[in-house]
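Structural description and commentary
Listed below, chain by chain, are the residues.
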Amino acid sequence: MHFRFYFVAAGRLDELDESGCYPFDFTKMKEGGIAAACPDFITAKAEGKHDANLGRMPLMLVDGVPIAQISVIKRIVAKRMGLYSDNDIEAAQMDMVLEHLIDVKNEYNATKKAGDSEAVAEWFITKLPGWMAKLELTLSDTGFAVGSKLSLADIELF
């Protein structure tokens, strides 16, 4: 879970409770899918522990309440770590950066899904630099992506 970086950036890694994380063996995906790679998730799903995310991962318990959808989890963790702005405009700019990055990832994943390794290599050479140049135009000139301190946007760009 890459939002672990939020805890690190905030100097609060000791507060991260990963006891609810499931061991995942990627080497078993080809032979038996998610059931073989992560049987603890299959058990938890059957017990209804993932109903808040429609039976999917990720899910994070926050104060005992299940929170689903990675972008929502990122925002609540960032807010609690002091990495999300209380200023509505800055918060919206942070969300904007996250959404732009989702657009970039979606285009990359579509290219990768087509299965043409040359197209994927070409994507990194031609498409990614174009996306990053456009994204750079949306960032502040303060030395941080948004606002005047390290934020969710900086970590996601990292």
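The present account deals with the structure reproduced in this document. In this text the structure is predicted, and so the values were computed from the model without any measurement. What you see as residue numbers is a count from 1 along each chain, following the sequence as written. Side-chain atom pairs in this predicted model are given and counted only at pLDDT of 80 or more, local residue features only at pLDDT of at least 70, and totals for whole chains, interfaces and linings cover all residues. By convention in this description, side-chain values take in all heavy atoms of the structure and omit both hydrogens and water.

1. Side note on the overall build of the chain
Rules: A helix here means a DSSP run of H or I that spans at least four residues, while a strand means a run of E at least two residues long, and both kinds are numbered starting from the N terminus. When a residue's accessible area, from a 1.4 Å probe over protein chains only, is under 20% of the maximum for its type it is buried; when over 50% it is exposed; and in between it is partly exposed. By definition in these notes, contact holds between two residues if any of their heavy atoms fall within 4.5 Å. Counted as positive: Lys and Arg. Counted as negative: Asp and Glu, with His and the chain ends omitted from the count. Lysine's charge is taken at NZ, arginine's at CZ, aspartate's at CG and glutamate's at CD.
When you go through the chain residue by residue, the secondary structure sums to seven helices and two strands. When the helices and strands of the chain are placed in sequence order, the string is α-α-α-β-β-α-α-α-α. C-alpha atoms of the chain, sized along the principal axes, occupy 50 × 45 × 25 Å. Taken over 158 residues, the chain has a buried fraction of 27%. Put simply, of all contacts in the chain between residues at least 6 apart along the chain, 41% involve residues at least 24 apart. In the chain, the 17 positive side-chain charges and the 24 negative ones have mean positions that sit 4 Å from each other.

2. A look at the packing of aromatic side chains
Note the following rule: Each aromatic pair joins two rings of Phe, Tyr and Trp (for Trp, the six-membered one) with centres within 6.5 Å, and gets the label stacked for planes under 30 degrees apart, edge-to-face for over 60, and tilted for any other angle. Counting as a charge over the ring demands two things of the Lys NZ or Arg CZ atom: a distance within 6 Å of the ring centre and an angle within 35 degrees of the ring normal.
Here the structure, examined in full by the defined rule, presents six aromatic pairs. Arranged with centres 5.1 Å apart and planes meeting at 90°, the rings of Trp123 and Phe124 form a pair that is edge-to-face. Taken together through their ring pairs, the aromatic side chains of Tyr108, Trp123 and Phe124 make up a single cluster. In this structure, Lys134 packs its charged tip against the face of Trp131, placed 5.8 Å from the ring centre.

3. Here we look at the side chain of Asp154
Worth spelling out the cut-off: Take a side-chain nitrogen of Lys or Arg and a carboxyl oxygen of Asp or Glu: if they are within 4 Å of each other, that pair is a salt bridge.
Counting through the fold element by element, Asp154 comes out in helix α7 (residues 152-157). Although Asp154 lies buried, it forms no salt bridge, and the closest oppositely charged side chain, Lys149, sits 9.6 Å away as judged by the N-O distance. Sequence-distant contacts of Asp154, that is, excluding residues within four places in its chain, are made with Phe144, Ala145 and Lys149.

4. Regarding the pairing of strand β1 (residues 59-62)
Our working definition: In this scheme, strands are said to pair when DSSP sees at least two bridges between them.
The two faces of β1 differ: Met60 and Val62 on one face are buried, but Leu59 and Leu61 on the other face are not. Pairing geometry for β1 and strand β2 (residues 65-68), over four bridges, is antiparallel. Paired with Leu61 across the two strands is Pro66, which belongs to β2. In this structure, the hairpin formed by β1 and β2 is closed by a connection of two residues, where Asp63 is found at a positive phi of approximately 55°.

5. Considering the environment of Ala36
Along the chain, the position of Ala36 falls in helix α2 (residues 29-37). As a C-alpha pair, Ala36 and Asp141 span 105 residues in sequence and 48 Å in three-dimensional space.

6. Quick look at the nonpolar core
Short version of the rule: Nonpolar cores are built from buried Ala, Val, Leu, Ile, Met, Phe, Trp, Tyr and Cys residues. Side-chain atoms within 4.5 Å join them into one set.
Membership of the largest hydrophobic core comes to 24 residues, with the highest contact counts inside it found for Tyr6, Val77 and Leu152. Considering each element in turn, this core owes the most residues, five residues, to helix α5 (residues 88-113). If sequence neighbours within four positions are ignored, Leu152 has contacts with Tyr6, Lys74, Arg75, Ala78, Leu83, Tyr84, Met94 and Leu98.

7. Observations regarding the packing of α5 against helix α6 (residues 117-136)
We apply this condition: Structural elements are reduced to axes, namely lines fitted to C-alpha atoms, with helices fitted over the stretch in contact, and the angle between N-to-C directions of any two is expressed from 0 to 180 degrees. In these notes the angle categories are as follows: under 35 degrees is roughly parallel, over 145 is roughly antiparallel, 65 to 115 is roughly perpendicular, and the rest is oblique. Here is the rule for handedness: rotate from the far helix to the near one, and if that takes an anticlockwise turn smaller than a right angle the crossing is left-handed, while a clockwise turn gives right-handed. In the scheme used here, Gly and all other residues not listed as nonpolar or charged are polar, with Ala, Val, Leu, Ile, Met, Phe, Trp, Tyr, Cys and Pro taken as nonpolar and Asp, Glu, Lys and Arg as charged.
At their nearest, the axes of α5 and α6 sit 10 Å apart, and the two run at 170° to each other. Taken together, α5 and α6 sit at an angle that is classed as roughly antiparallel. Between α5 and α6 the crossing geometry is right-handed. Residues His100, Leu101, Asp103, Val104, Glu107, Tyr108, Thr111 and Lys112 of α5 lie in contact with α6, whose contacting residues are Ala119, Val120, Trp123, Phe124, Lys127, Leu128, Trp131, Met132 and Leu135. Its residues assigned to classes, the contact of α5 with α6 comprises eleven nonpolar, two polar and four charged.

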